[in-house]
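Examining the three-dimensional arrangement
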Amino acid sequence: ELKVEQNPLFLSMQEGKNYTIYCNYSTTSDRLYWYRQDPGKSLESLFVLLSNGAVKQEGRLMASLDTKARLSTLHITAAVHDLSATYFCAVEYNFNKFYFGSGTKLNVKP
Amino acid sequence: DAGVTQSPTHLIKTRGQQVTLRCSPKSGHDTVSWYQQALGQGPQFIFQYYEEEERQRGNFPDRFSGHQFPNYSSELNVNALLLGDSALYLCASSLASGARTQYFGPGTRLLVL
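Description of the structure in this document. Throughout, residues of each chain are indexed from 1 in the direction in which the sequence is written. By the order in which they are written, chains take letters starting at A while ligands take numbers starting at 1. With pLDDT at 70 or above as the cut-off, local features in this predicted model cover only qualifying residues; side-chain atom pairs require 80 or more to be listed or tallied, and sums for whole chains, interfaces and linings still use all residues. No hydrogens and no water enter the side-chain calculation; it runs on all heavy atoms of the structure.

1. Some points on the overall build of chain B
We count a stretch as a helix when DSSP gives it H or I for four or more residues in a row; a strand needs E for two or more, and each element gets its number in order from the N terminus. For chain B, the helix and strand inventory stands at zero helices and eleven strands. Each helix and strand of chain B, placed in order from N terminus to C terminus, yields the pattern β-β-β-β-β-β-β-β-β-β-β. Expected size for 113 residues packed as a compact globule is a radius of gyration near 13 Å; at 13 Å, chain B falls within 12% of this value. We call a residue buried when its accessible area falls under 20% of the maximum for its residue type, exposed when it is over 50%, and partly exposed in between, using a 1.4 Å probe and counting protein chains only. In chain B, buried positions account for 50% of the 113 residues. For chain B, long-range pairs separated by at least 24 residues make up 53% of all intrachain contacts whose partners lie at least 6 apart in sequence. In the structure as shown, chain B presents an accessible area of about 5300 Å², 50% of it carried by carbon and sulfur atoms. Put simply, chain B has 9 plus and 9 minus side-chain charges, and the middle of one group is 10 Å from the middle of the other. As defined in this context, the radius of gyration uses C-alpha atoms, and a globule is described by 2.2 Å times the residue total to the power 0.38. Here, residues are in contact when the closest pair of their heavy atoms is within 4.5 Å. Methods summary: accessible areas were calculated by the Shrake-Rupley approach with a probe of 1.4 Å, and residue burial reflects only the protein chains presented. All tallies of charge rest on Lys and Arg as positive and Asp and Glu as negative; His and the ends of each chain are not included. Charge placement uses NZ in Lys and CZ in Arg. For Asp and Glu, CG and CD serve respectively.

This is the structure in structure tokens:
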């Protein structure tokens, strides 16, 4: 069964700093997704990465995909408090079968 | 444009009972997936429905079953409830083609006593 590992699981950072969340997966996949979840809320789609070398950016968040290394990164630039949330990566395998990581809980301190 | 809706929002059942959860997809979407999210964990894929048929299934027992109706709405049924079934159940809808981005509903929180 496909394994998806995120690290770190918890991340506390100061506003204005940069950091990267890593998502490793064990088997060749079809595509990779990043989601955000606020406490007590549902998941919000951030990015869909469809091919090797794909890079997507939205505001202070940038996601990339290296299918050869089976690695995706979510880079946070100049963090602000509003980015505090739990971030999940999810891998689509065998067409329409989805595996999520355990999530990275991000706390951005003022 | 209404997003994904789920009902009920909360539910309390006892062990051995059966439960039905409902989901209406985002307008224009034809595919519905169901997930179980335990507290502090990532969502676990239960199954996906497309054209009224189960297209993919995760590692869940047969106690978990579903249905998709001609209007694309969907139900998740869980029989013989166990304490371990207590979780947030999320429905996500998407289009069968293209990026297949999933849009999640607010979830149904199920507590089994």
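Read on for the rest.
2. Some points on a nonpolar patch on the surface
Residue and element names in this part refer to chain B. Patch membership needs two things, relative accessible area over 30% and no salt bridge, and members are linked within 9 Å if like-charged or within 5 Å if nonpolar (Val, Leu, Ile, Met, Phe, Trp, Tyr). Criterion for a salt bridge: a side-chain nitrogen of Lys or Arg within 4 Å of a carboxyl oxygen of Asp or Glu. Together, Ile12, Leu111 and Leu113 make up a nonpolar patch on the protein surface, roughly 310 Å² of accessible area in all. Inspection of the secondary structure puts Leu113 in the segment after strand E11 (108-112). Take Leu113: its relative accessible area is 54%, and that puts it in the exposed class.

3. Remarks on the pattern of salt bridges
Residue and element names in this part refer to chain A. In the structure shown here, the tally under the stated rule is six salt bridges over all chains. Among the salt bridges present, the one from Arg31 reaches Glu92, with a minimum N-O distance of 3.7 Å. Of the two residues, Arg31 sits in strand E4 (residues 31-37) while Glu92 sits in strand E9 (residues 85-93), which places them 61 residues apart along the sequence. Looking at Glu92, the relative accessible area reads 0%, which means it is buried. Between Asp38 and Arg36 there is a salt bridge whose closest N-O contact spans 2.9 Å. Owing to a relative accessible area of 25%, Asp38 belongs among the partly exposed residues under this scheme.

4. Quick look at the sheet that holds strand E1 (residues 4-7) of chain A
All names here are of chain A. At least two bridges found by DSSP between two strands are what make those strands a pair. Strand order in the open sheet formed by five strands is E1-E3-E8-E7-E6, and the pairing between neighbours is antiparallel. Since the sheet does not close on itself, it has two edges, and those belong to E1 and strand E6 (55-58), each with one partner. Put simply, the sheet's adjacent strands are angled 15° from each other on average, direction ignored. Of the pairings in the sheet, the one linking E1 to strand E3 (residues 19-25) comprises four bridges and is antiparallel in character. Fitting a line to C-alpha atoms yields each axis, with helices limited to the stretch in contact; the angle taken between N-to-C directions then spans 0 to 180 degrees.

5. Examining the sheet that holds strand E7 (residues 64-68) of chain B
Picture the strands of a sheet paired through backbone hydrogen bonds; they go either parallel or antiparallel. Residues and elements named next belong to chain B. With antiparallel pairing, the four strands of this open sheet are ordered in space as E1-E3-E8-E7. Every other strand in the sheet has two partners, leaving strand E1 (5-7) and E7 as the edge strands with one partner each. The mean inter-strand angle of the sheet, taken between neighbouring strand axes irrespective of direction, is 20°. Sheet topology places E7 next to strand E8 (residues 74-78); five bridges connect them, and they run antiparallel. When the sheet's bridge partners are listed, His67 is paired in E8 with Glu75.

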